[in-house]
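Structure assessment
Below are the chains, spelled out letter by letter.
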Number of protein chains: 2
Amino acid sequence: MTIKKIDHLAIVVADLEKALQVYQDGFGLTLHHVSEESAEQVKVAYLPMPEGQGEIELIQPTTPDSGVAKFLSKRGEGLHHICLEVDNLTTSIQEMTAHGLEVLGAIRTNQRGDQYVFIHPKSAHGVLVELYERA
Amino acid sequence: MTIKKIDHLAIVVADLEKALQVYQDGFGLTLHHVSEESAEQVKVAYLPMPEGQGEIELIQPTTPDSGVAKFLSKRGEGLHHICLEVDNLTTSIQEMTAHGLEVLGAIRTNQRGDQYVFIHPKSAHGVLVELYERA
């Protein structure tokens, strides 16, 4: 098992358009695209760094009941999770759970076919960690 | 002004030794070194990704009065800030403040001579952002 890189940071926001003004115009990041991720009930703006050096994702809940919506109403806008790319998701989960890290639910698959899973923040010193294996 | 990369993510923890067990043994990250950063009143463990793909920093307050200590007692362990590397800190600050981002205090210099400054989370949708220019 190897962690390859910080794939992205996800920031939960109440208003994607307003947040894009700050992260595009203010920070000078480039918007790649916006898409709806129906599985997570969020709209996501993807702002990659140059040369594949990670990405910032701004996420806005599209329903009031999702995990992201509850996070926003409870904690306000801010960092939601970090995503680490691994070479092999199955062996990573085996080794991490053997060391006490707690996996949240089953492995999921996004629209591109990449697989991902979340680690419970209680087992990772308060950080919601997504593990991701590129398809 | 250009943001070059996500330089690091900082995670505030109560007990650096315990957190290192999780991030080294559990996640399989490699500890580069631990050092005291007296200016910020914290002890920092540096866990770089392979091939310069960003870094995770675990930070533990060394005094009860620092900003990091107050964050920990108020919000608990978790993500503290993200650090973005810029090509030029002075022009970045000028352009960002012109777009409404609020700088927290003066530019500071670390032990290696790198310069950095923080952006107020209220102006950045809840995220404490460090801007950093390599010496």
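Up top is the structure.
Cut-off values and rules
- Throughout, residues of each chain are indexed from 1 in the direction in which the sequence is written.
- All chains are assigned letters beginning at A, and all ligands numbers beginning at 1, according to the order in which they are written.
- Under the rules for a predicted model, residues below a pLDDT of 70 receive no local features and side-chain atom pairs below 80 are neither given nor counted, while totals for whole chains, interfaces and linings still include all residues.
- Heavy atoms throughout the structure, all of them, feed into the side-chain values; hydrogens and water do not.
- Throughout this description, the term salt bridge denotes a Lys or Arg side-chain nitrogen within 4 Å of a carboxyl oxygen of Asp or Glu.
- Counting from the N terminus, the helices are the DSSP runs of H or I reaching at least four residues and the strands are the DSSP runs of E reaching at least two.
- Any residue with relative accessible area above 30% and no salt bridge may belong to a patch, with like charges joined within 9 Å and the nonpolar Val, Leu, Ile, Met, Phe, Trp and Tyr side chains within 5 Å.
- The protein chains shown are the only cover counted for residues, whose accessible areas, like all others here, come from Shrake-Rupley with a 1.4 Å probe.
- In summary, the charge assignment counts Lys and Arg as positive and Asp and Glu as negative, without counting His or the chain termini.
- In this description, the location of a charge corresponds to atom NZ of lysine, CZ of arginine, CG of aspartate or CD of glutamate.
- Two strands pair under a simple rule: DSSP has to find at least two bridges between them.
- All axes here are fitted lines through C-alpha atoms, helices being fitted over the stretch that makes contact, and every angle between N-to-C directions spans 0 to 180 degrees.
- Residues are treated as being in contact if the distance between any of their heavy atoms lies within 4.5 Å.
- Whenever two N or O atoms come within 3.5 Å, that pair is a polar contact, provided that in protein one can donate a hydrogen and the other can accept it, and provided that, for residues adjacent in sequence, both atoms are side-chain atoms.
- Only centres within 6.5 Å qualify two rings of Phe, Tyr or Trp (six-membered ring in Trp) as a pair; their planes then separate them into stacked at under 30 degrees, edge-to-face at over 60, and tilted for everything else.
- Burial classification: accessible surface area is computed with a 1.4 Å probe over protein chains only, and a residue below 20% of its type maximum counts as buried, one above 50% as exposed, and the rest as partly exposed.

The tally for this structure, following the rule as stated, stands at ten salt bridges over all chains. In this structure, the salt-bridge partner of R134(B) is D7(B), at a minimum N-O distance of 3.8 Å. On the criterion of sequence distance, the pair formed by R134(B) in the segment after β8 (129-133) and D7(B) in strand β1 (residues 3-12) is long-range, its members being 127 residues apart. For D114(B), the salt bridge identified is with R112(B), shortest N-O distance 2.8 Å. One connected set of salt bridges, linked through shared partners, spans K4(A), D7(A), E85(A) and R134(A).

Together, K74(A), R75(A), K122(A), K74(B), R75(B) and K122(B) make up a region of like positive charge exposed at the surface. For the positive patch, the secondary structure elements donating two or more residues are α2 (67-75) of chain A together with α2 (67-75) of chain B. With respect to the helices and strands, the residue K74(A) is situated in helix α2.

It is worth spelling out the sheet that holds strand β6 (residues 103-109) of chain A at this point. Adjacent strands of a sheet form backbone hydrogen bonds with each other and so pair up, either parallel or antiparallel. Residues and elements named next belong to chain A. What the eight strands build is an open sheet, ordered β2-β3-β4-β1-β5-β8-β7-β6; its pairing is mixed. Only two strands of the sheet have a single partner each, and these edge strands are β2 (33-37) and β6. Recorded for the sheet is a direction-independent mean angle of 25 degrees between the axes of neighbouring strands. Bridging between β6 and strand β7 (residues 115-119) involves four bridges; their strand directions are antiparallel. For R108, the partnering residue across the bridge sits in β7 and is Y116. Of the strands in this sheet, β1 (3-12), β2, β3 (42-48) and β4 (55-61) are in contact with helix α1 (residues 16-26), which crosses β3 at around 10 degrees.

Further remarks concern the side chain of H81(A). Residues and elements named next belong to chain A. Following the sequence through the fold, H81 ends up in strand β5 (residues 78-86). Polar side-chain contacts of H81 include one of 3.4 Å to the side chain of H8. Side chain to side chain, H81 and E130 meet in a polar contact 3.0 Å long. For H81, the contacting residues outside a window of four places in its chain are H8, L9, A10, F118, L128 and E130.

We now examine the packing of aromatic side chains. Overall, the coordinates contain four aromatic pairs over all chains when judged by the stated rule. Judged by centre distance (5.0 Å) and plane angle (40 degrees), the rings of Y23(A) and F27(A) are tilted. A relative accessible area of 0% places F27(A) in the buried class. Aromatic pair Y116(B) and F118(B): ring centres 6.1 Å apart, planes at 90 degrees, arrangement edge-to-face. Take F118(B): its relative accessible area is 10%, and that puts it in the buried class.

The subject of this paragraph is unusual backbone geometry. All names here are of chain B. A positive phi angle, near 55 degrees, is found at Q41, a position not held by glycine. Following the sequence through the fold, Q41 ends up in the loop between β2 (33-37) and β3 (42-48). In this structure Q41 comes out as partly exposed when scored by relative accessible area, which is 30%.

Residues and elements named next belong to chain B. Spatial ordering of the open sheet is given by β2-β3-β4-β1-β5-β8-β7-β6, a layout of eight strands whose pairing is mixed. Only two strands of the sheet have a single partner each, and these edge strands are β2 and β6 (103-109). Pairs of neighbouring strands in the sheet enclose a mean axial angle of 25 degrees, with direction left out of account. Pairing of strand β7 (residues 115-119) with β8, which is carried by five bridges, proceeds in the antiparallel orientation. Its bridge partner lying in β8, Q115 is registered against E133. Taken strand by strand, helix α3 (residues 89-98) contacts β1, β5 (78-86), β6, β7 and β8, and its axis lies near 15 degrees from that of β7.

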